[in-house]
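What the coordinates show
Here are the chains, one letter per residue:
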Amino acid sequence: MAPRSVLLGIGSNAPANIVTNDDMSKRMDTSDEWIVQRTGIKERRMGLAGSKWSDFVVPACEKALEMAGVKAEELDYIIAGTLTADMYMPSGGCTLQMLLGAKKAAGFTVAAACSGFVYGLTIADRFIRCEPNLKILVVGAEMVSQRIDWEERSTAVLFGDGGGAAVLTGSRPEDGDRGILASRIHSDGTKWGLLYIPGGGTEHPAYDGSDPKAHTVHMRGNEIFKIAIKSMAGACEEVLADAGLSGNDVDWVVPHQANIRIIEMVAKEFGIPMEKVIINVQRYGNTSAGTIPLAFDEAVRDGRIKRGQTVLMPVFGGGLTWGATLLRW
Ligand code: UT7
């Protein structure tokens, strides 16, 4: 059997500062009841003023490296799925390369919004299939709190900060049939206007004195809702077909955590019982590219997801982007 891309370790982290729904309702016209009913979110983490993306991302990477038994100096690539790295340039991948001391690694960032971690896993998987000895750190982490319009309650209550990282390499004989079984990514740029941040690019440059709100998340939640369900369910079907498996073969689904209702509908559409779905949106909100590694890491460390089990990770986000990774942990 050709080597697969095995996840040797996973780690996650989020800023310590907890912001509850009641805290949000002190800043805007909203309520704990509305947020819980419509989204399932009870609280989220938000980095304090002066803190930055790498402050919580570096410890997540170190946890993943420790579980993997891999030193930062051994990494060949760092692929950071994020839109909110410390600076516009250098990329988040390069910043992590410096801070982790990953001397020989090439670092880069994948701007796939919420889909950044699944995009990163897919890219790493393709690299490793060509060169099984590579060691790659894939990161999905976001500091969305700095991109929130505090006057737009329909988006402000949804997001939070956090994320995680995984270390991958080619499978060795002792790994058996563990590893990534299938991974697919997609995009539809024609629907960009449903979820976007206009400012900071060349169309609305950061230095043109334009409305600061240009740098915040703009979303048409209702329309996104339906497309998210269809796209994630479709991506699940694709990767299962690629791997020659069915929904019954899946032990756990670790979906993108944007809204509990979306998660429930994807599970229903796909015929997966909710007992098999890992959910932590109630504690973190939507951390964009951070949701899947954050939920996956928690479930691995508390013993729910066990070595050898089959895990399905569907995702959806701005771009529009979507996809799914199917792996045997
Ligand atoms: O991560 C990637 C992609 N993102 C998503 O997948 C998000 C997808 N969308 C959603 O999760 C949901 O559409 C939302 C949670 C954003 C909104 O839920 P909804 O059930 O679609 O609500 P709505 O936008 O239709 O708004 C219903 C009502 C409106 O009031 P009226 O017009 O009915 O009087 C809103 O003004 O709820 C009002 N509303 C709020 N009320 C209290 C909107 N936001 C809030 C709020 N607090 N925070």
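Quick note: structure is the one above.
A brief structural summary. Worth saying up front: this structure is predicted, and the values here are computed from it rather than measured. (Residues numbered from 1 in each chain as written. Predicted model: local features only at pLDDT ≥ 70, side-chain atom pairs only at ≥ 80, totals over all residues. Heavy atoms only, no water.)

With that settled, consider the site of the ligand. Surveying the vicinity of the ligand reveals 23 residues, the closest of which are Thr 30, Arg 38, His 256, Asn 259 and Asn 286. Between the ligand and Gly 221 there is a distance of 3.1 Å, counted from a nitrogen atom to a backbone nitrogen or oxygen. Separating an oxygen atom of the ligand from a side-chain N or O atom of Asn 259 is a distance of 2.7 Å. Starting from 960 Å² of accessible surface for the ligand in isolation, the protein chains cover 74%. Mapped onto the shell around the ligand, the elements with two or more residues apiece are helix 2 (32-39), helix 6 (153-156), helix 7 (221-243) and helix 8 (260-270). Examining the composition of the shell around the ligand, we find that four residues originate from one element, helix 7, more than from any other. When grouped by side-chain class, the residues that make up the shell around the ligand number eleven nonpolar, eight polar and four charged. The two domains that each donate at least three residues to the shell around the ligand are domain 1 (5-175) and domain 2 (179-328). (Near = heavy atom within 4 Å. Polar contact = N/O pair within 3.5 Å; in protein donor to acceptor, adjacent residues only side chain to side chain. Areas by Shrake-Rupley, 256 points an atom, 1.4 Å probe, with all protein chains shown as cover. Helix = DSSP H or I, 4+ residues; strand = E, 2+ residues; numbered from the N terminus. Nonpolar A, V, L, I, M, F, W, Y, C, P; charged D, E, K, R; others polar. Domains from an automatic or database assignment.)

The next subject is helix 3 (residues 53-68). Helix length check: helix 3 (16 residues) gives 23 Å between terminal C-alpha atoms against 22 Å at 1.5 Å per residue, within 8%. Among all positions of helix 3, only Trp 53, Ser 54, Phe 56, Val 57, Val 58, Ala 60, Cys 61, Ala 64, Leu 65 and Ala 68 are buried. Packing partners of the buried residues in helix 3 comprise strand 1 (5-13), strand 4 (77-81), helix 4 (92-100), strand 6 (136-143) and strand 7 (161-170). One or two positions beyond helix 3, positive phi appears at Gly 69, with a value near 70°. (Expected span 1.5 Å × (residues − 1). Buried < 20%, exposed > 50% of the residue type's maximum accessible area, 1.4 Å probe, protein only. Contact = heavy atoms within 4.5 Å.)

Further remarks concern the sheet that holds strand 5 (residues 106-110). Here we have five strands laid out as an open sheet, ordered 1-7-6-4-5, and mixed in their pairing. Taken across any chain shown, the strands that pair with only one partner, and hence form the sheet edges, are strand 1 and strand 5. On average, each strand axis in the sheet is tilted by 20° relative to the strand beside it, whichever way the strands run. Pairing geometry for strand 4 and strand 5, over five bridges, is parallel. In the strand pairing of strand 5, Ile 79 is matched with Phe 108. Running at roughly 130° to strand 4, helix 4 makes contact with strand 4, strand 5 and strand 6 of the sheet. Of the strands in this sheet, strand 1, strand 6 and strand 7 touch helix 10 (residues 291-301), which is tilted by about 100° from strand 1. (Pairing = 2+ DSSP bridges. Axes fitted to C-alpha atoms, helices over the stretch in contact; angles between N-to-C directions.)

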